[in-house]
Amino acid sequence: APKPSADEKSKLPLRPPIVTIMGHVDHGKTTLLDYIRKSSVAEKEHGGITQHIGAFSVKAPKSGKQITFLDTPGHAAFLKMRERGATVTDIVILVVAGDDSVMPQTKEAIKHVHAAGVELVVAINKCDKESVTEETIQKVYSDLGANEVYVEDYGGDIACVQVSGKSGLGVDTLEETLVAISEVLDLRSSPTAKVEGIVLESQVKKGVGATATVLVHNGTLKPGQVICAGTVFCKVKAMKDSSNKVIKEAGPGTPVEVTGWKELPASGDQVLQAESEQQAKQVAENRQKRAQLMQQMDDIK
Ligand code: GDP
């Protein structure tokens, strides 16, 4: 399908930003993500049972705007998807412990962010600790500057928020900063277009069978639709959100766990809606043949 023109695009509804957390080991990525997930409105509404499905959505505390966080830990998922040519993330939160500053994996994350051209916000973490002082924070700024990340308080334009994933300090501000950045990015997509998305995770679940978390980019995913992902396809049987609630529709920016797969798709696989099961089967077969052919060519080399 032709891409909408700029004018057509400006009429489409806004979609939530998709956010990934990166940073050095032990700087507090997991703790921060857990805090955000647990404080989420959706979770409170549905009794607090969360499932790990590779992503979750929250409503920012003041604006009430939705933000989608990828929960697939660390660089691996990010890299895998980039290898497959998919830029899934709109904004990266770079977590830097305020008492440890820039470390090797911080630098690695900065490289990925620069290469992918995604937006960056710095979260200086562990600000509840006494070891984090004005002085150590200044050191974080200058260490980041040495890696070509210039934050607002250091003469640059990259947003930087002081937080604690442990106490929750500054997390509201971080979420509203994400909303503000996404407004500038003006992220829009069509809820009525053909469904497009990406597989974040997949697994076989006891009593349920093959399941996959699909992050919808375009269109609205519904039970009964047929989708292709890589060399497999699925007639969508049921969908659940990250708070384990059955949902009937998943619009752009929404991650959902989908059942109905014949076989497991791979994470990073692109999801496209098919006209019918027959067409999906054909696409899957063609892709399988192509994959085999590529394998044979590799073997000859
Ligand atoms: P990750 O490897 O980046 O995911 O880091 P974790 O979230 O596992 O955190 C590493 C350690 O730092 C754990 O012992 C956490 O309890 C601790 N930690 C993480 N965030 C904070 C914070 O904001 N304040 C304090 N005091 N400790 C934290």
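These numbers were taken from a predicted model, which means no experiment stands behind them.

Draft legend 1. Quick look at the site of the ligand. Close contacts around the ligand come from 15 residues, with Asp26, Lys29, Thr30, Thr31 and Asp128 the closest. With respect to the ligand, the backbone of Asp26 contributes an N or O atom lying 2.7 Å from an oxygen atom. Residue Gly28 places a main-chain N or O atom 3.0 Å away from an oxygen atom belonging to the ligand. Against a free-state accessible area of 580 Å², the protein chains account for coverage of 74% of the ligand. In terms of residue count, the dominant contributor to the shell around the ligand is helix α2 (residues 29-38) (3 residues). The residue inventory of the shell around the ligand, partitioned by class, reads 1 nonpolar, 8 polar and 6 charged.

Draft legend 2. Representation of the pattern of salt bridges within the structure. This structure, assessed with the given rule, holds 9 salt bridges. Ionic pairing is found between Arg188 and Asp186, a salt bridge with its closest N-O pair at 2.9 Å. The partner of Lys205 in a salt bridge is Glu257, and the shortest N-O contact between them spans 2.6 Å. Of this pair, Lys205 sits in strand β7 (residues 196-205) while Glu257 is found in strand β11 (residues 255-261), placing the two residues 52 residues apart along the sequence.

Draft legend 3. Highlighting the sheet that holds strand β2 (residues 55-59). Spatial ordering of the open sheet is given by β2-β3-β1-β4-β5-β6, a layout of 6 strands whose pairing is mixed. Every other strand in the sheet has two partners, leaving β2 and β6 (160-162) as the edge strands with one partner each. Neighbouring strand axes in the sheet, compared pairwise and without regard to direction, differ in orientation by 30 degrees on average. Where strand β1 (residues 18-23) meets strand β3 (residues 66-70), 2 bridges bridge the pair, whose relative direction is parallel. Bridging across to β3, Val19 finds its partner in Phe69. In the packing of helix α7 (residues 171-185) onto the sheet, the strands contacted are β1, β2, β3, β4 (91-97), β5 (119-125) and β6, and the crossing angle to β5 comes to about 170 degrees.

Each value, and the rule that gives it
Residues numbered from 1 in each chain as written. Predicted model: local features only at pLDDT ≥ 70, side-chain atom pairs only at ≥ 80, totals over all residues. Heavy atoms only, no water. Near = heavy atom within 4 Å. Polar contact = N/O pair within 3.5 Å; in protein donor to acceptor, adjacent residues only side chain to side chain. Areas by Shrake-Rupley, 256 points an atom, 1.4 Å probe, with all protein chains shown as cover. Helix = DSSP H or I, 4+ residues; strand = E, 2+ residues; numbered from the N terminus. Nonpolar A, V, L, I, M, F, W, Y, C, P; charged D, E, K, R; others polar. Salt bridge = Lys/Arg side-chain N within 4 Å of Asp/Glu carboxyl O. Pairing = 2+ DSSP bridges. Axes fitted to C-alpha atoms, helices over the stretch in contact; angles between N-to-C directions. Contact = heavy atoms within 4.5 Å.

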